[in-house]
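Structural characterization, general
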Amino acid sequence: MIVNVAIDGPAGAGKSSVAKAAAAKLGYIYVDTGALYRAVGLYALNNGIPTDDAASVSGCLKDIKVELKFSDEGQQVYLNGENVSAFIRTPEASMAASNVSAIPAVRSFLFDLQRNIAKENSCIMDGRDIGTVVLPDAAVKIFLTASPEIRAKRRYDELIAKGQSVEYKDVLDELIQRDYNDSHRQVAPLKPAQDSVILDNGELNLEESADRIIEIIEEKIG
Ligand code: DC
């Protein structure tokens, strides 16, 4: 039996870490759909295409091939045959992803890829519109969130640990801007699905959040 779990929520809620841990425990694959929007954003950045110009971005989609591959190291994202997983996590790529994700043509361009993975694999898929649009029939839907300040602090600690030099205030401002973009766009805005379980993990660490997610999944699928 194939089980699909949708985890949506704002940037920095810890979706990827928590989903990865829960997927490993349950033996499901973990699908990070943000990487797809980041790959499209990266293409635009690398080719001098303004990421908020819907016509130019839509026009370049015919030149883009995005693929996801799954290995023991987890998901890898390929852009026109090149593994770009290491280049999609910068603040510039984050904002580019948020901009291109508001463009309807980009969302439909990436839709089938996401649907087909879920059709063929038990997975935990994270994003912004997985429970509402991509997998409306998912067996389990979770909306993971925390306050902007807590999410910005987590993101800041992560970037500092990676050796990037950033200011907390800039990380917080960028996150608030992305929250606004992601939840106010016309198509597939970030919002909890009606039948989702809302989990505020502001007071939970990674392990506690993953345990709670696994409990929710087990309660739902029995
Ligand atoms: O999850 P993330 O931070 O890697 O996502 C990057 C951007 O992509 C985010 O700002 C919004 C967009 N996104 C989306 O619109 N829909 C998804 N399912 C996943 C991400």
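The preceding data block contains the structure.
To start, this report covers the structure provided alongside it.

Cut-offs and rules
Residues numbered from 1 in each chain as written. Predicted model: local features only at pLDDT ≥ 70, side-chain atom pairs only at ≥ 80, totals over all residues. Heavy atoms only, no water. Salt bridge = Lys/Arg side-chain N within 4 Å of Asp/Glu carboxyl O. Buried < 20%, exposed > 50% of the residue type's maximum accessible area, 1.4 Å probe, protein only. Helix = DSSP H or I, 4+ residues; strand = E, 2+ residues; numbered from the N terminus. Expected span 1.5 Å × (residues − 1). Contact = heavy atoms within 4.5 Å. Polar contact = N/O pair within 3.5 Å; in protein donor to acceptor, adjacent residues only side chain to side chain. Core = buried A, V, L, I, M, F, W, Y, C linked by side-chain atoms within 4.5 Å. Near = heavy atom within 4 Å. Areas by Shrake-Rupley, 256 points an atom, 1.4 Å probe, with all protein chains shown as cover. Pairing = 2+ DSSP bridges. Axes fitted to C-alpha atoms, helices over the stretch in contact; angles between N-to-C directions.

**Details of the pattern of salt bridges**
- All chains considered together, the criterion is met by 13 salt bridges.
- Linking Asp-63 and Lys-62 is a salt bridge whose minimum nitrogen-to-oxygen distance equals 3.5 Å.
- The partly exposed category is assigned to Asp-63, whose relative accessible area is 39%.
- For Arg-178, the salt bridge goes to Glu-174, with nearest N and O atoms at 3.5 Å. Taken together, the positions of Arg-178 and Glu-174, both in helix H8 (residues 168-184) and four residues apart, correspond to about one turn of that helix.
- Judged by its relative accessible area of 5%, Arg-178 falls in the buried class.

**Let's talk about helix H9 (residues 206-221)**
- Between the first and last C-alpha of H9 there are 22 Å, a value that for 16 residues agrees with the 22 Å anticipated at 1.5 Å per step.
- Where H9 is buried, its residues touch strand S1 (4-8), helix H1 (15-26), strand S6 (123-127), strand S7 (140-145) and strand S8 (197-200).
- N-capping of H9 is provided by Asn-205, with a side-chain oxygen placed 3.1 Å from the backbone N of Glu-207.
- Trailing H9 by a residue or two, Gly-222 shows a phi angle of about 75°, which is positive.

**Digging into the nonpolar core**
- One finds Val-40, Ile-64, Val-66, Val-77, Val-106 and Met-125 to be the most contacted residues of the largest nonpolar core, which totals 34 residues.
- Among the elements of the structure, helix H2 (34-46), helix H3 (54-60), strand S3 (66-71), strand S4 (74-79), helix H4 (91-101), helix H5 (104-120), S6 and helix H6 (130-134) are those that each provide at least two residues to this core.
- No other element matches H2, which puts eight residues into this core.
- For Val-40, the contacting residues outside a window of four places in its chain are Leu-61, Ile-64, Val-66, Val-100, Val-106, Phe-109 and Leu-110.
- The next biggest cluster of nonpolar side chains, apart from the first, holds 19 residues, and it includes Val-5, Val-18, Leu-144 and Leu-199.

**Observations concerning the site of the ligand**
- Inspection of the region around the ligand gives 16 residues, with Arg-38, Arg-107, Arg-128, Arg-178 and Arg-185 positioned closest.
- A distance of 2.9 Å is found between an oxygen atom of the ligand and a side-chain nitrogen or oxygen belonging to Arg-128.
- Between the ligand and the protein, one listed contact pairs an oxygen atom with a side-chain N or O atom of Arg-185 at 2.8 Å.
- When the free accessible area of the ligand is taken as 450 Å², the share hidden by the protein chains comes to 97%.
- Going through the elements one at a time, H2, H4 and H8 are the ones with two or more residues in the shell around the ligand.

**Let's talk about the sheet that holds S1**
- On the basis of which strands lie adjacent, the open sheet formed by five strands has the order S2-S6-S1-S7-S8 and parallel pairing. The open sheet has two edge strands, strand S2 (29-32) and S8, and neither has a second partner. The sheet shows a mean angle of 20° between the axes of neighbouring strands, taken without regard to direction.
- One ladder, built from four bridges, connects S1 with S7; its direction is parallel. Its bridge partner being in S7, Asp-8 is matched across the sheet by Phe-143.
- Relative to S6, H5 is tilted by about 155°, and along the sheet it contacts S1, S2 and S6.
- Strand contacts of H9: S1, S6, S7 and S8, with the helix running at about 155° to S7, the strand carrying the most contacts.

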